[in-house]
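Chain by chain, the residues:
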Amino acid sequence: MHRRLLYHIMVSLRSLAPLSALFNFVLADCECGYSITTTSDNKQYIFTELFESDFIHLDMADEIDDYGKYGWASQDYQMSSEAARGLYGESFTPQNVISNIIADSQVFEGPGSKIGDTGLNLVVKSQIKDGMVASAEVQATNLQYHGTFRAGIKITGVPGTCSAFFWYMNDTQEIDMEFLSSQFNRGNSTFPVNLVLQSRESNDAGFDASKTKDFKKISLPFDPTTDFHEYRIDFLPDKVIFYADAKMLAEMNGTGVPSSPGHLHLSHWSNGNMGWSQGPPETDAITTVRYVKAYFNSSLESRQHDYQMRCKDPSAPSAVCTIPDNNATFFFGNVDNMSPNQTTYHENASLQAKQRWPCLFSAAFLSTAWMVGL
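Residues numbered from 1 in each chain as written. Predicted model: local features only at pLDDT ≥ 70, side-chain atom pairs only at ≥ 80, totals over all residues. Heavy atoms only, no water.

(A) Broad picture of the pattern of salt bridges. All chains considered together, the criterion is met by 12 salt bridges. The salt bridge involving Asp208 is made with Lys211; its shortest N-O contact spans 3.9 Å. Residue classification places Asp208 among the partly exposed positions, given a relative accessible area of 27%. What makes Lys211 exposed here is its relative accessible area of 62%. Bridged by salt links that share partners, the residues Arg150, Arg232, Asp234 and Asp325 form one connected network. (Salt bridge = Lys/Arg side-chain N within 4 Å of Asp/Glu carboxyl O. Buried < 20%, exposed > 50% of the residue type's maximum accessible area, 1.4 Å probe, protein only.)

Quick look at the structure:
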């Protein structure tokens, strides 16, 4: 009797596996991706992948002992003054990547675990050591191809640094939003952002993109040092569009548009180059990032196959989810059934996963008991 019961339980549990997969498929929203509509031509683009980082609640100190734990890697390298094309070299160190988090995952405003703005603090030191300026950079560990990339950032107000939100494949395939704090002028309310496509053309110009058509210096309609704003790069097959707080700043197209997948970066540095970063800063400078939201297409065949398997009807209600603009506290990964077959990152992800298993097992057991007549 017991052997027969055990046999029925095992068979029934096996039969539930495809059934649960079916339920996940039927109930999940956004299974066919995440969409934007461009400002310039009112065209819809759909992206299959999601990568969201809530730096108010992710402690990057964990990443030092667990490389890429939250999908980002703090950079640890040096560049000589010659390689950096400045008066000083640049020394990027994980110690200058500092998390100031709020413990309660439902709270987005208020004091954090440290003094200062909450989020991911990227620090540039004022003191020069061994001919180098201590700087900070993090790089996404996954590859992104065409997509829309957004970051909530408060730029340092200390003159003499470069804060950068950029996508990078190599020195001739790069998309930059760079903020030079020495260019800010509060007297006349001038706060420019430098929009750049580093390309073969800029390479031929000695990496001076200002001598190419793929460089624009745009004045922001706000002071980027007093509050957080959303900066956005739409990397599309035939163009790149830049935004600030959902308002289009510029559009670039042509041969400068990258043609390969690359990585997102957040960087804050100085090297004394009087034509660019200037500096180093007279006091330690901090640029803070509260979030990065990336929705993109993967170049990996495995992920393309996953998409084909989960997206059966793009026209079905909620199969494609519209990406909200300039919403600092909304993350698809925090909403049930809106990130199917995606990797999401949370501070207590392992604990949450463990807590689900008893519920899943109980549900499976109860279903099995019903099926075998217990």
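Now, onward.
(B) The nonpolar core, seen in detail. Within the largest apolar cluster, 42 residues are counted, with the highest numbers of intra-cluster contacts made by Trp72, Phe165, Met177, Tyr231, Phe242, Leu264 and Leu266. The element best represented in this core is strand β20 (residues 285–296), accounting for four residues. In terms of nonpolar packing, the next biggest core, distinct from the first, is built from 14 residues, Cys30, Ile36, Tyr295 and Phe332 among them. (Core = buried A, V, L, I, M, F, W, Y, C linked by side-chain atoms within 4.5 Å. Helix = DSSP H or I, 4+ residues; strand = E, 2+ residues; numbered from the N terminus.)

(C) Quick peek at unusual backbone geometry. That bond from Gly279 to Pro280 is cis: its omega, 5°, falls within 30 degrees of zero. One can find Pro280 in the loop between β19 (263–269) and β20. One non-glycine residue, Asn326, adopts positive backbone phi at about 55°. In this structure, Asn326 sits in the loop between β21 (321–322) and α6 (349–372). With relative accessibility at 36%, the residue Asn326 sits in the partly exposed group. Backbone geometry at Asn341 places phi at a positive 60°, although glycine is not the residue there. Position of Asn341 among the secondary structure elements: in the loop between β21 and α6.

(D) Seen up close, the state of the cysteines. Applying the stated rule across the entire model yields two disulfides. A sulfur-sulfur distance of 2.0 Å marks the disulfide that ties Cys30 to Cys321. Residues Cys30 and Cys321 are joined through a disulfide that is left-handed, its torsion about the S-S bond being -90°. With Cys30 in the loop between α1 (2–27) and β1 (34–37) and Cys321 in strand β21, the pair connects residues that are 291 residues apart, well separated along the chain. Note on accessibility: Cys30 and Cys321 belong to one class, buried. Two residues share a disulfide in this structure: Cys32 and Cys311, whose sulfurs sit 2.0 Å from each other. Its torsion about the S-S bond being 100°, the disulfide of Cys32 and Cys311 is classed as right-handed. Taken together, the residues Cys32 in the loop between α1 and β1 and Cys311 in the loop between α5 (301–310) and β21 connect sequence positions 279 residues apart. The pair Cys32 / Cys311 is uniform in exposure class, with both members buried. Once the disulfide-bonded cysteines of the chain are ranked by sequence position, their pairing pattern turns out to be 1-4, 2-3. (Disulfide = S-S within 2.5 Å.)

(E) Region of the structure containing the environment of Asp284. Looking at where Asp284 falls in the secondary structure, it is placed in the loop between β19 and β20. On the basis of relative accessible area, Asp284 is assigned to the partly exposed category, the value being 38%. Residues Asp284 and Val123 lie 161 residues apart in sequence; the distance between their C-alpha atoms is 6.9 Å. Beyond its immediate sequence surroundings of up to four residues, Asp284 is in contact with Val124, Lys125, Ser126 and Val158. (Contact = heavy atoms within 4.5 Å.)

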